[in-house]
Amino acid sequence: MKIHLISIGTKMPAWVNEGFSEYAKRFPPECALNLIQVPALKRSKTSDLRRIVDEESHILLSKAPANTQLLGLDVSGERWDTAKLAIELESWMSSGMDTAILIGGPEGLSAACKQRMRKLWSLSALTFPHMLVRVIAAEALYRAWSLLANHPYHRE
């Protein structure tokens, strides 16, 4: 199984790329974490943000490989602790399907995109810098995997 983290934003600082890569390389081949980056559309003071969100969401959906379970990161989603995320991850792994987790731009995912998601997941009630979300998600997923694998990384 592969987990595809599909995110708006391509020009990340080195520390973001290094942080994501650090966690991605720790996953075993049977549960690989893959990043798909989508360029953000240009924004200005006069931009039609609804159109931009709709278009970015459409592009994110188009980047999800065929026959994948779709999940979206959204502040309105379910808040999972590590144990619950591990249960979710175990379910994804046993389904035999890849999983795609979509991360929208600064304004999030469109309503139409959210309706296509199997589930919406919220990392926190806090607002995080957009670039940091992919690192937090990668760490949370790795921690959940380590719990399932009885790996010493996760200690309660």
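Residues numbered from 1 in each chain as written. Predicted model: local features only at pLDDT ≥ 70, side-chain atom pairs only at ≥ 80, totals over all residues. Heavy atoms only, no water.

Draft legend 1. Spatial organisation of helix H5 (residues 130–148). In this model, H5 (19 residues) spans 28 Å end to end at C-alpha, consistent with the 27 Å of a helix rising 1.5 Å per residue. Here H5 has its buried residues at Val133, Arg134, Val135, Ala137, Ala138, Glu139, Ala140, Leu141, Tyr142, Ala144, Trp145 and Ser146. (Helix = DSSP H or I, 4+ residues; strand = E, 2+ residues; numbered from the N terminus. Expected span 1.5 Å × (residues − 1). Buried < 20%, exposed > 50% of the residue type's maximum accessible area, 1.4 Å probe, protein only.)

Draft legend 2. Quick peek at the nonpolar core. Residues Ile3, Trp92, Ile101 and Leu141 are the most contacted members of the largest nonpolar core, which totals 27 residues. Of all the secondary-structure elements, those providing two or more residues to this core are strand S1 (2–8), helix H1 (14–24), strand S3 (68–79), helix H3 (82–95), strand S4 (98–103) and H5. A total of 8 residues in this core trace back to one element, the largest contributor, which is H5. Look past the residues within four positions of Ile3 in its chain and what remains in contact with it is Cys31, Ala32, Leu33, Asn34, Leu89, Trp92, Thr99, Ile101 and Leu141. Residues Val38, Leu109, Cys113 and Leu120 belong to the second largest nonpolar core, which totals 14 residues. (Core = buried A, V, L, I, M, F, W, Y, C linked by side-chain atoms within 4.5 Å. Contact = heavy atoms within 4.5 Å.)

Draft legend 3. Main features of the sheet that holds S3. Strand order in the open sheet made by the 5 strands is S2-S1-S4-S3-S5, with parallel pairing throughout. The sheet terminates laterally at strand S2 (32–38) and strand S5 (119–122), the two strands that pair on one side only. Going from strand to strand, the sheet's axes swing by 30 degrees on average, the running direction of each strand aside. In the packing of H3 onto the sheet, contacts are made with S1, S3, S4 and S5, and the angle to S3 comes to roughly 165 degrees. (Pairing = 2+ DSSP bridges. Axes fitted to C-alpha atoms, helices over the stretch in contact; angles between N-to-C directions.)

Draft legend 4. Up close: the packing of aromatic side chains. If you walk through the whole model with that rule in mind, you get 5 aromatic pairs. With centroids separated by 4.9 Å and ring planes inclined at 65 degrees, the aromatic side chains of Tyr142 and Tyr153 adopt a geometry described as edge-to-face. Of the two residues, Tyr142 sits in helix H5 while Tyr153 sits in the segment after H5, which places them 11 residues apart along the sequence. Looking at Tyr142, the relative accessible area reads 4%, which means it is buried. Feature note: the residues Tyr23, Phe27, Tyr142, Trp145 and Tyr153 constitute an aromatic cluster, connected by ring pairs. (Phe/Tyr/Trp six-rings, centres within 6.5 Å; stacked < 30°, edge-to-face > 60°.)

Draft legend 5. Structural context of the environment of Glu55. Along the chain, the position of Glu55 falls in helix H2 (residues 49–63). Under the relative-accessibility criterion, Glu55 is labelled partly exposed at 35%. It is 9.7 Å that separates the C-alpha atoms of Glu55 and Leu109, two residues lying 54 residues apart in sequence. Engagement of the side chain of Glu55 in a polar contact is seen with the side chain of Arg51, the distance being 2.8 Å. (Polar contact = N/O pair within 3.5 Å; in protein donor to acceptor, adjacent residues only side chain to side chain.)

Draft legend 6. Spatial organisation of the confidence of the model for the chain. Per-residue pLDDT for the chain averages 95, and the proportion of residues at 70 or more is 98%. Across the chain, element-level confidence peaks in S4 with a mean pLDDT of 98 and bottoms out in H5 with 95. (pLDDT = per-residue confidence, 0-100.)

Draft legend 7. Local environment of the packing of H1 against H5. Packing of H1 against H5 leaves a shortest axis separation of 9 Å and a crossing angle of 15 degrees. The angle between H1 and H5 falls in the class roughly parallel. Viewed along their axes, H1 and H5 form a crossing whose handedness is left-handed. Residue-level contacts link Trp15, Val16, Gly19, Phe20 and Tyr23 of H1 to Met131, Leu132, Arg134, Val135, Ala138, Glu139 and Tyr142 of H5. Here the contact of H1 with H5 is built from residues that sort into 9 nonpolar, 1 polar and 2 charged. (Parallel < 35°, antiparallel > 145°, perpendicular 65-115°, else oblique. Left-handed = near helix turned anticlockwise from the far one by under 90°. Nonpolar A, V, L, I, M, F, W, Y, C, P; charged D, E, K, R; others polar.)

Draft legend 8. The pattern of salt bridges, seen in detail. In the structure shown here, the tally under the stated rule is 9 salt bridges. Linking Arg51 and Glu55 is a salt bridge whose minimum nitrogen-to-oxygen distance equals 2.8 Å. On the criterion of helical spacing, the pair formed by Arg51 and Glu55 is a turn pair, its members being 4 residues apart in helix H2. Given a relative accessible area of 43%, Arg51 falls into the partly exposed group. In this structure, Lys119 and Glu88 form a salt bridge, with 2.8 Å as the shortest nitrogen-oxygen distance. One end of the pair, Lys119, is in strand S5; the other, Glu88, is in helix H3, and 31 residues separate them in sequence. (Salt bridge = Lys/Arg side-chain N within 4 Å of Asp/Glu carboxyl O.)

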